[in-house]
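# Examining the three-dimensional arrangement
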Amino acid sequence: MGKEADGGSMDGREHDMKKGLFSIFYNMALFLYKKACTWGLPLFSSRQVEADLMQLHPGENIEWVKTNYYVKKLGMILGILLIGGALGIAVRLSALGMSLLDQDGRLTRGGCLDGAVEWQLIADDGTGRRDIRLLLFPRTLTEDEAEEMLLRFRRELPGNILGKNQDLQHVTFPLELRDSYEGYPFWVEWESSRPEILDYEGNPCETKAEERVTLGAEIVYAQGGYSWKENISVTVVPPGLTPEEQSYRELEEYLTILEQEERGEETYQLPSSWRGRDLQWRLRVEDNSLLLWALALATSVLICHLSDRDLHERLEKRKKKLKQEYPDVVYRLVLLVGAGMTIRGAFQKMAGDYERKCKKGIKVRPAWDEILYTCRELRAGVSEGAAYEHFGKRTGLREYVRLSGLLAQNLKKGNSMLLERLREEAEKTGEERLLQGRRLGEEAGTKLLVPMVLMLAVVMVMIMVPAFGIL
């Protein structure tokens, strides 16, 4: 019968735990916790945590309290890891799906009002992969920008034609000498002073030494009928490319030529082979799945750390409140013992008054909770001396340990001076409370110093500003 009753109690407690977590995470956390305890893993055996839980939940089954705490924390960690992992997988699959092209390798052009689109591609010919940049222009363009953009366009033009080159004095890759540039309504016609070194499309030829070339750009504003001449000096240098890099460079130039030839088409056909080798194309897209997984893992570790720290902070707040309530406990004992009550009767009187106030909605007071638990121990058959000793040890504060020792000594030795000793303790705690109040007042005064200085500065400004106005 006892086992059945205990099993029914545990079922009710598990039901309460399920209210705080999703059932799936709760079941997973409880399963892992039981397995860890069965295998003896040291994941859930922090002495500091157990000590904090015992002081925060006096009188409760420590095994149940510990299980409840660890399962809730583990369930929260599992939830974050699973949700973060699922989001990471979703982002990963989305990135893989976005990187796929049509079976025939077609890229769709933008509308006539869109600017040029730069595609980041991956070329795979079976022997390796290479990043390829392709600038895909719209089918047609319309011109509707304002005239004042012309000067800014001329200033930015040298930077717009760099392409992959570091600067115009070290040109090894093709320049982006296009007939229009994104964000501007101008047509540009290019000329080269030395086409054999750098043609009007910006393609440099292989040279053995540095060659200086002057590019002439005629900028035309179609709507206004204006045109300007711009000369840009560039220096073509030997490329120094490996055979593989040269091959991919030629492939990129080939794609640019095809793009220019097919600007009247709705779509752009990527080649399926290059120099006898099959090509597979994919789009380069941003994949943040690893970031999500790392973030989920970091959040789980942080929650694991913060949960234990929060538990310890709760214990410290409880100790602080116990220390604040200690003078009230001593004064009440002096009053009741002085009225002729025994220590046991005084404890029962204080516990009974507290229980009645709790039913009326009074705030929880840790010191009176300990007194109430001590009375329950006495009713359960615990000896009076042991109950008083437990009372002091549970609080973990030297004041209560001193008081419990005084009460236990009175039982063992029949100390007739108990009332006088309690009065001395009350006077001592009164002095400590006075000192604590002064210390808190000094701390509050220090905190108020900055606002007072700020207010003084405001007052000084209010006084000085009219004075300067008069002068």
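Structure first, text after, so check above.
Residues numbered from 1 in each chain as written. Predicted model: local features only at pLDDT ≥ 70, side-chain atom pairs only at ≥ 80, totals over all residues. Heavy atoms only, no water.

### Structural notes on the overall build of the protein
Counting secondary structure elements, the protein contains 12 helices and 10 strands. Counting the 471 residues in the protein, one finds 35% classified as buried. Within the protein, counting contacts between residues at least 6 apart in sequence, those at least 24 apart form 65% of the total. Carbon and sulfur atoms provide 57% of the accessible area of the protein, an area that totals close to 28700 Å². (Helix = DSSP H or I, 4+ residues; strand = E, 2+ residues; numbered from the N terminus. Buried < 20%, exposed > 50% of the residue type's maximum accessible area, 1.4 Å probe, protein only. Contact = heavy atoms within 4.5 Å. Areas by Shrake-Rupley, 256 points an atom, 1.4 Å probe, with all protein chains shown as cover.)

### Some words on the nonpolar core
Membership of the largest hydrophobic core comes to 29 residues, with the highest contact counts inside it found for V329, F347, I371, Y400 and L403. Among the secondary structure elements, those contributing two or more residues to this core are α7 (289-338), α8 (343-359), α9 (366-379), α10 (384-395), α11 (398-413) and α12 (418-470). Element by element, the count of residues in this core is highest for α7, at eight residues. Core analysis: the second largest hydrophobic core is formed by 24 residues, F153, L175, L215 and I219 among them. (Core = buried A, V, L, I, M, F, W, Y, C linked by side-chain atoms within 4.5 Å.)

### Considering the packing of helix α3 (residues 47-56) against α7
A pair of packed helices can be characterised by two numbers: the angle between their axes and the separation between those axes. It is at 10 Å that the axes of α3 and α7 come closest, and there the two elements cross at 40°. For the element pair α3 / α7, the angle class is oblique. With respect to the hand of their crossing, α3 and α7 are arranged in left-handed fashion. Of α7, the residues touching α3 (which contributes Q48, V49, D52, L53, Q55 and L56) are D308, L311, H312, R314, L315, R318 and K319. Among the residues making up the contact of α3 with α7, the classes are represented as five nonpolar, three polar and five charged. (Axes fitted to C-alpha atoms, helices over the stretch in contact; angles between N-to-C directions. Parallel < 35°, antiparallel > 145°, perpendicular 65-115°, else oblique. Left-handed = near helix turned anticlockwise from the far one by under 90°. Nonpolar A, V, L, I, M, F, W, Y, C, P; charged D, E, K, R; others polar.)

### Observations concerning the layout of surface pockets
The volume enclosed by the largest pocket comes to roughly 620 Å³. Forming the walls of the largest pocket are 27 residues, and the residues nearest its centre are L175, L177, E201, T256 and Q260. When contributions to the lining of the largest pocket are tallied by element, the ones reaching two or more residues are β3 (129-136), β4 (186-192) and α6 (243-261). No other element matches the six residues that α6 contributes to the lining of the largest pocket. Classifying every residue of the lining of the largest pocket by side-chain character gives 12 nonpolar, four polar and 11 charged. What the second largest pocket holds in volume is close to 360 Å³. Lining the second largest pocket are 14 residues, and of these K323, E432, R433, Q436 and R439 lie nearest its centre. Going through the elements one at a time, α7, α11 and α12 are the ones with two or more residues in the lining of the second largest pocket. (1 Å grid on protein atoms, 1.4 Å probe; cavity = no way out; pocket = protein on both sides within 12 Å on 5 of 7 lines; lining within 4 Å. Points joined across faces, edges and corners; volume = space filled by probe spheres on them.)

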